[in-house]
Amino acid sequence: MSSLQTVQTNRAHLVSTLAGGSVEKYECLLDHLLSQNVLNWEDYEGLSLVGQPLSILVRNLLDTVTCKGETACKQFLDVLHDVEDSAHEVNLCLQPPEDLSQPSQYLQRERPRIVQLTHNYINAVLQQLLEHCCITQIEIEHIQLPIYSTSQKARRLLDLLRLKGNEPARYFTEFIHNLGQGLVQVTDVLVCLGYQTKLKTTISAQSKFLSTYDGSENMCLEDIYTPSVLEIQTYSSNSDNIPGSQNQDLLSIFNAQGLINDHADTVLILGDAGGGKSTLLQQIQHLWANGQGFHNFSFVFPFSCRRLGCINKPISLRTLLFEQCCWPPDQLQDQIFQYILDHPKQVLITFDGFDEFKFAFTDDSKHCSPTEPTGIAGLVFNLIQGNLMKDCIKVLTSRPDAVNASLRKYVRKEMHLKGFSEEGIQFFMKKHHSNPDTARDIISLVKANSSLHGLCNIPVFCWIVSKCHKQLIACGGQTPQTMTDMYVLTLKHFLLHSSTKMKVTENVLSEKVHSIRHLGKLALNGLCQGLYVFSYHEIAKEEVAEEDLSLGFLVLSRNFSDEKQASLQYYEFIHITFQCFFAALYMIMNDDVASSLLHKLFKWNRKPTSESCGRVHRISQLCLQPILHRQIKPLLHNIEIRNLQITATFVAGLFSDVLYNNLVASWQPIKFPKKRKIIKRCLTKGIQKHFRSIPPALKDEKKSMHAMPEFVWLIKCIYEFQDVTLSQKAVQGLDVDHLKMTYCGISPAECTALAYVLMHLKRPVGIQLDHNSVGDIGIEQLMPCLHKCQAL
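What counts and what doesn't
- Residues numbered from 1 in each chain as written.
- Predicted model: local features only at pLDDT ≥ 70, side-chain atom pairs only at ≥ 80, totals over all residues.
- Heavy atoms only, no water.
- Pairing = 2+ DSSP bridges.
- Helix = DSSP H or I, 4+ residues; strand = E, 2+ residues; numbered from the N terminus.
- Axes fitted to C-alpha atoms, helices over the stretch in contact; angles between N-to-C directions.
- Parallel < 35°, antiparallel > 145°, perpendicular 65-115°, else oblique.
- Left-handed = near helix turned anticlockwise from the far one by under 90°.
- Contact = heavy atoms within 4.5 Å.
- Nonpolar A, V, L, I, M, F, W, Y, C, P; charged D, E, K, R; others polar.
- Buried < 20%, exposed > 50% of the residue type's maximum accessible area, 1.4 Å probe, protein only.
- Phe/Tyr/Trp six-rings, centres within 6.5 Å; stacked < 30°, edge-to-face > 60°.
- Lys NZ or Arg CZ within 6 Å of the ring centre and 35° of its normal.
- Core = buried A, V, L, I, M, F, W, Y, C linked by side-chain atoms within 4.5 Å.
- Salt bridge = Lys/Arg side-chain N within 4 Å of Asp/Glu carboxyl O.
- Expected span 1.5 Å × (residues − 1).

### What to know about the sheet that holds strand 17 (residues 765-768)
Whenever strands of a sheet pair, they do so through backbone hydrogen bonds, lying parallel or antiparallel. A sheet is described by the order of its strands in space; here four strands give the open sequence 15-16-17-18, paired in parallel fashion. This sheet does not close on itself; its edge strands, each paired only once, are strand 15 (704-706) and strand 18 (789-791). Adjacent strand axes in the sheet meet at a mean angle of 30 degrees when their direction is disregarded. When strand 15 meets strand 16 (residues 738-740), the two strands line up parallel, connected through three bridges. Pairing of M705 across the sheet is with L739, part of strand 16.

In structure tokens, the structure reads:
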């Protein structure tokens, strides 16, 4: 049987085999046929149309070959046999060009081997051709479209060079011939350039959009990014060496200004919950990935500490960088990783949310091997210390109280994210609302309400105001006064938004009480376990139903979820403060929660255990017994102090007169009055305990009290409680001439609370607020208590 008859007789089998295989195999077959002149360029272009079904292309190929006769069919069968036999072989032996005066013919003849050789280095090869003006950046962008594989990109490059003339083809011919013969190796820089391009593409896709807290919409980061005030501690040149602060931009994170340890390479960015730390890192990553900034870094590796904390297996530095961020081609991993180790100054590693890392920082164990696996805590801590990747810049974001003295020894520079300035608040509103009238109304609303103005210094509150602006405008003069008011407003907004049947006038809290209870139980149990991410099975176990998920307070975790499989989906609260808020709701609405738990909430043990290293608060399991199922009770014994304080603040706020009456009408819990009395008594005794500890004044000196951050927290709780009588009782025992409140993390929101309480002082005092972030907005909040200030 002739070759022509063989092709015709076995047509159905050939179509089934080739069309059922991969596109790569088909295109590799075309490469060989073109190189042996079985196909001409006109045939090739017609048989490689993008978008055509593979079955149609295969049939057209068989038609073309059979039309060319017996010789073409024989060559086709030989090529097909060779392609199938060499599918797993790598033959990169290029024949030397016989005549460089006709480089296009050489490229066509050696096309299969050239594709095989260059596809792993395609990005580096393109960059080399660009630098020698053989191709343009626009042509590279067309070749590098994400719909093409690396082999397809190599083929498109060869197609382009055929049309570019002799000089570009000649340079490329010399380059790949020397590369194939081993006379010239692709340099580490070129190899890593390809990986850098892939890494940038990955990070650009991840950082392009800024998800709203509720995950309901994605907005382009470039369009809506609003910078927060970023300050760095500086020191004056005088002999007193008095620390100060200066506003900075993102570039200042990496410059030499404000260094506190020249030998360290970790930059620490501190900020309160909701202050914009994650968004700041996202902006840095976005600018780098899109070539708009931070060009001194060849590689940026971003990590979420929340995600890292869930890694239970030993892991090496190499696996951490490649598995968690972006894999290079298998055959190039060693070369790329070695380049990273050899050039640490070109690498930036970011750790977002260090306060959510499960492990307390310690420098006890040393790990210096980049390839040997170790626990994730040891790996991260040794990166911070510089035992691994010394001279690589690491940027950590964290809430302030999660940083201990041991960690600060390895800090190169410490910066503070202070939230929005006055201009930043307006900028945020204008960017989030395309209708200028709406933005103007919201800005006017914020300015007209002093308490609201103080809260909007924090980005998460700006988002709440932006999200609930219709309800706020409708409130008129009864706008929310406290942080808890704002979160209850958001709760009602989400509940009404999720229910198409309910009217605004109906009691939505009563209607959705079961959903609130389910979410509250999940939130509280999660806090006690240090959990911020919940698997689909954990959510089902806590009786959180699809209806509860639809409210919008739990959203898919982008760092963990596989959206294609429900069993692999993970959820998290839209913000850690909302998890604390629901935990507080559960504590007050559930009569099964013992009153003794509320005592513990405001009277936690201030002496950290050795296990906690100052970061974790252990609540008595006895107090948690009413909350928990017996079978999981032993698992729930830890809660972080910072989350405990936020939760306690919400609990105090939920017992304010307005919210108390609202919640009693909605849920009618039996123990509400008793719990309210407990909270009031705890707050009064807690703050008066501070006053009793004030040492007597020295002779000829005024009596002074140096307040601690815990004092400010109790003041905030009293303000959230919104009880004038409680405020008066709280400060009636304060008998000092000078109240020093330096370094207490006081922002405009805290100033509002301070004014609410300190205005009831019996006699004026001097108040020192240096080294906080009061700002102009904070001064506005302090106006009601200025008559009690001898000096400020």
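Once the structure has been displayed, the description carries forward.
### Side note on the packing of helix 39 (residues 748-758) against helix 40 (residues 775-782)
Following both chains from N to C, one finds helix 39 and helix 40 inclined at 15 degrees, their axes separated by 8 Å at the closest point. The pairing of helix 39 with helix 40 is recorded here as roughly parallel in orientation. Crossing of helix 39 over helix 40 shows right-handed handedness. Along the contact surface, helix 39 presents P748, C751, T752, L754 and A755, while helix 40 presents I777, G778, Q781 and L782. By residue class, the composition of the contact of helix 39 with helix 40 is six nonpolar, three polar and no charged.

### Things to note about the environment of L654
Within the secondary structure, L654 sits in helix 34 (residues 641-654). Classification of L654 as buried rests on a relative accessible area of 0%. For L654 and I588, which are 66 residues apart along the polypeptide, the C-alpha to C-alpha distance reads 8.2 Å. Not counting chain neighbours up to four residues away, the residues in contact with L654 comprise T484, V488, F581, A584, L585, I588, L659, Y660 and L663.

### A look at the packing of aromatic side chains
Aromatic ring pairs are reported here in terms of the distance separating the ring centres and the angle at which the planes meet. Following the criterion strictly, the structure yields 34 aromatic pairs and no others. Where F299 meets F301, the ring centres are 6.3 Å apart and the plane angle is 20 degrees; that geometry is what we call stacked. Relative accessible area serves as the criterion here: at 0%, F301 is assigned to the buried category. For the pair F573 and F582, a centre-to-centre distance of 5.9 Å together with 35 degrees between the ring planes defines the contact as tilted. With respect to class, F573 is no different from F582; both count as buried. Put simply, the rings of F461, W463, Y487, F494, F534, F553, F573, F578, F581, F582 and F650 pair up and form one aromatic cluster. The ring of Y660 has R676 sitting right over it, with the charged end atom 4.7 Å from the ring centre.

### Some remarks on the sheet that holds strand 10 (residues 534-535)
The strand order across the open sheet built from three strands is 10-12-11, with neighbouring strands paired in antiparallel fashion. Edge strands, defined here as strands with exactly one partner in the open sheet, are strand 10 and strand 11 (554-556). Relative to strand 12 (residues 570-573), strand 10 is paired through two bridges, and the arrangement is antiparallel. What sits directly across from S535, in strand 12, is Y570. The sheet strands contacting helix 28 (residues 513-529) are strand 10, strand 11 and strand 12, and the helix crosses strand 12 at an angle near 90 degrees.

### Some words on the nonpolar core
Among the nonpolar cores identified, the biggest contains 127 residues, and Y487, F582, F602, L683 and M741 are the most heavily contacted of them. For L683, the contacting residues outside a window of four places in its chain are F602, A652, L714, C717, I718, F721 and L726.

### Digging into the pattern of salt bridges
Under the counting rule described, the total for this entry stands at 31 salt bridges. Salt-bridge contacts for R408 lead to E414; the nearest nitrogen and oxygen are separated by 3.0 Å. Classification of E414 as buried rests on a relative accessible area of 15%. One network of salt bridges, with partners in common, ties together E24, E27, D31, R111, R155 and D159.

### Quick look at helix 5 (residues 54-67)
In this model, helix 5 (14 residues) spans 20 Å end to end at C-alpha, consistent with the 20 Å of a helix rising 1.5 Å per residue. Within helix 5, the full set of buried residues consists of L54, L57, V58, L61, L62, T64, V65 and T66. Just past helix 5, the residue G69 takes up positive phi, approximately 100 degrees.

### Some points on helix 31 (residues 576-589)
Here helix 31 spans 20 Å end to end across 14 residues, near enough to the 20 Å set by a 1.5 Å rise per residue. Burial analysis of helix 31 places 14 of its 14 residues in the buried class, which makes it a mostly covered element.

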